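Residues per chain are reported as follows:
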Amino acid sequence: MSVLVTGGAGFIGSHTAVVLHESGRKVVILDDLSNSSTAAVDAIRSLTRPDLPFVEADAADSDVVGRVIVEHEVDEVVHFAAYKSVSESVEKPLEYYSNNVGSTIGVTRAMIENGVSRLVFSSSCTVYGEPDEVPVTESSPTGAVNPYGATKLVCEQLLVDVAAVSALDVMALRYFNPVGAHPSGNIGEDPIGVPTNLVPYLMQVAVGRLDRLSVFGEDYDTPDGSAVRDYIHVMDLAHGHVAALDSMVPHGRFTAVNLGTGEGHSVLEVLAVANEVIGISLPTQVAGRRAGDVERIWADPTLAAQLLGWHANRSLHEMLADHWHWQQKHPTGYRAS
Ligand code: UD1
């Protein structure tokens, strides 16, 4: 029996594929490589097994997903395949709805047609929009503030509705802000084009690919004026997926679970730890607030501890040290410079 990982060549997918392999599962990766590369697949294979099955396909194609399920005797699915840039989603809403909702329909249909019931879905804390209160629990109000967030909410609702009338059991993992890399430095985050996320951006400043980091807003109502997020090590997240699959019960229906550390860190705090890890003071400038940003958000991770027996245990320092290790080994990502 095997676990199918859609989007398994991406940032979180690649780390999760490695940890799922270590848990004793047979892993099959399906990815259309629209935001990743065969070099990522090769790196995953170097950390798992040289013949780890990889299928280049669009997860929206339920016929292909169905064939993979049958061929590899898949009995569990972790569905990552999706676009994830907030800013791009504002410019290309149709592409975001089409890809993110389409792939979730394709995967779900193929699972039901082939009698596979266990699904872990890659969701995001973006479903909480701008929260009135922090930390957020799974029952905090939801609401999207951009098309990317809306696609995650639509997919969650779709899965609630499908699980209610089928044998599908779904656990939607709402990730906070994933950073870091595998301790080997062989796999990591490799954004195509100029990164929009904080840590990939500052790492590219550190290796000289970008001039300076803009701090988006120093006038928020937070202790140092910069925005606060719950940064979580991608290896902790990866282990969260194994814990989710291990804990799923038949007919559990739909459950949403936060995967965060429960601690908020400001942009300036992240920058200070990055400077310490890298050993230089990165050039920065204060810029205005970024449209669509929330002021502060961090998780209440209690439910993950109760249901999955999981909690994050890697520090912000470890996240940045591992991210830096990957960036130093791969200054231009998986691509040769
Ligand atoms: C958002 C979503 C997250 C999603 C991610 C995908 C929320 C709360 N979070 O993360 O769920 O997975 O998008 O891309 O909606 N910053 C700078 N300078 C930069 C880049 C970022 O100051 O060059 C600041 C941002 O303003 C923000 C913080 O750093 O305050 C984190 O930003 P980023 O890494 O882009 O993640 P989110 O927008 O929080």
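Structure first, text after, so check above.
Residues numbered from 1 in each chain as written. Predicted model: local features only at pLDDT ≥ 70, side-chain atom pairs only at ≥ 80, totals over all residues. Heavy atoms only, no water.

In the neighbourhood of the ligand, 23 residues make up the surrounding shell, with Ser-124, Leu-198, Ser-214, Arg-229 and Asp-293 lying closest. One nitrogen or oxygen atom from the side chain of Ser-124 is found 2.5 Å from an oxygen atom belonging to the ligand. Burial of the ligand by the protein chains amounts to 92% of its free accessible area of 750 Å². At the level of secondary structure, the elements contributing two or more residues to the shell around the ligand comprise helix H7 (198–206) and strand S8 (213–216). Ranked by residue count, the leading element in the shell around the ligand is S8, at 4 residues. Residues that form the shell around the ligand fall into these classes: 13 nonpolar, 6 polar and 4 charged. (Near = heavy atom within 4 Å. Polar contact = N/O pair within 3.5 Å; in protein donor to acceptor, adjacent residues only side chain to side chain. Areas by Shrake-Rupley, 256 points an atom, 1.4 Å probe, with all protein chains shown as cover. Helix = DSSP H or I, 4+ residues; strand = E, 2+ residues; numbered from the N terminus. Nonpolar A, V, L, I, M, F, W, Y, C, P; charged D, E, K, R; others polar.)

Glancing now at unusual backbone geometry. Put simply, Val-134 and Pro-135 share a cis peptide bond, and its omega is -5°. Along the chain, Pro-135 falls in the loop between strand S5 (118–124) and helix H6 (147–164). With a phi angle near 60°, Leu-33 is a residue other than glycine that sits in the positive phi range. Mapped onto the elements, Leu-33 comes out in the loop between strand S2 (26–31) and helix H2 (38–47). At His-251, a position not held by glycine, the phi torsion is positive, near 60°. Of note, His-251 is situated in the loop between helix H8 (234–247) and strand S11 (254–259). Among the residues examined, His-251 registers a relative accessible area of 56% and is labelled exposed. (Buried < 20%, exposed > 50% of the residue type's maximum accessible area, 1.4 Å probe, protein only.)

Attention now goes to a negative patch on the surface. Together, Asp-58, Asp-61, Asp-63 and Glu-113 make up a negatively charged patch on the protein surface. Structurally, the position occupied by Asp-63 is in helix H3 (residues 62–71). (Patch = residues over 30% accessible without salt bridge, like charges linked within 9 Å, V, L, I, M, F, W, Y side chains within 5 Å. Salt bridge = Lys/Arg side-chain N within 4 Å of Asp/Glu carboxyl O. Lys, Arg positive; Asp, Glu negative; His and termini not counted. Charge placed at Lys NZ, Arg CZ, Asp CG, Glu CD.)

What follows covers the packing of aromatic side chains. In this structure the tally under the stated criterion is 3 aromatic pairs. For the pair Tyr-83 and Tyr-96, a centre-to-centre distance of 5.3 Å together with 55° between the ring planes defines the contact as tilted. Highlighted residues: Tyr-83 in the loop between strand S4 (74–79) and helix H4 (86–91) and Tyr-96 in helix H5 (residues 93–113), separated in sequence by 13 residues. Looking at Tyr-83, the relative accessible area reads 28%, which means it is partly exposed. Given a relative accessible area of 1%, Tyr-96 falls into the buried group. (Phe/Tyr/Trp six-rings, centres within 6.5 Å; stacked < 30°, edge-to-face > 60°.)

As a further point, take the packing of H5 against H6. Between H5 and H6, whose axes approach to 9 Å, the crossing angle comes to 20°. In this view, H5 runs roughly parallel relative to H6, as classed from their interaxial angle. For the pair H5 and H6, the crossing hand works out as right-handed. On H6, the residues touching Pro-93, Tyr-96, Tyr-97, Asn-100, Val-101, Thr-104, Ile-105, Thr-108 and Ile-112 of H5 are Pro-147, Tyr-148, Ala-150, Thr-151, Val-154, Cys-155, Leu-158, Leu-159 and Val-162. A class-by-class count of the residues in the contact of H5 with H6 yields 14 nonpolar, 4 polar and no charged. (Axes fitted to C-alpha atoms, helices over the stretch in contact; angles between N-to-C directions. Parallel < 35°, antiparallel > 145°, perpendicular 65-115°, else oblique. Left-handed = near helix turned anticlockwise from the far one by under 90°. Contact = heavy atoms within 4.5 Å.)

Our next topic: the pairing of strand S1 (residues 2–6). Regular strands place their side chains on alternate faces of the sheet. Judged by how many residues are buried, S1 sits mostly within the fold: 5 of 5 residues are covered. On S1, burial covers both faces: Ser-2, Leu-4 and Thr-6 on one face and Val-3 and Val-5 on the other are all buried. The pairing of S1 with S2 spans 5 bridges and is parallel. When the sheet's bridge partners are listed, Leu-4 is paired in S2 with Val-28. Relative to S4, S1 runs parallel, the two being bridged by 5 bridges. Each bridged residue has a counterpart across the sheet, and for Leu-4 the counterpart in S4 is Val-77. (Pairing = 2+ DSSP bridges.)

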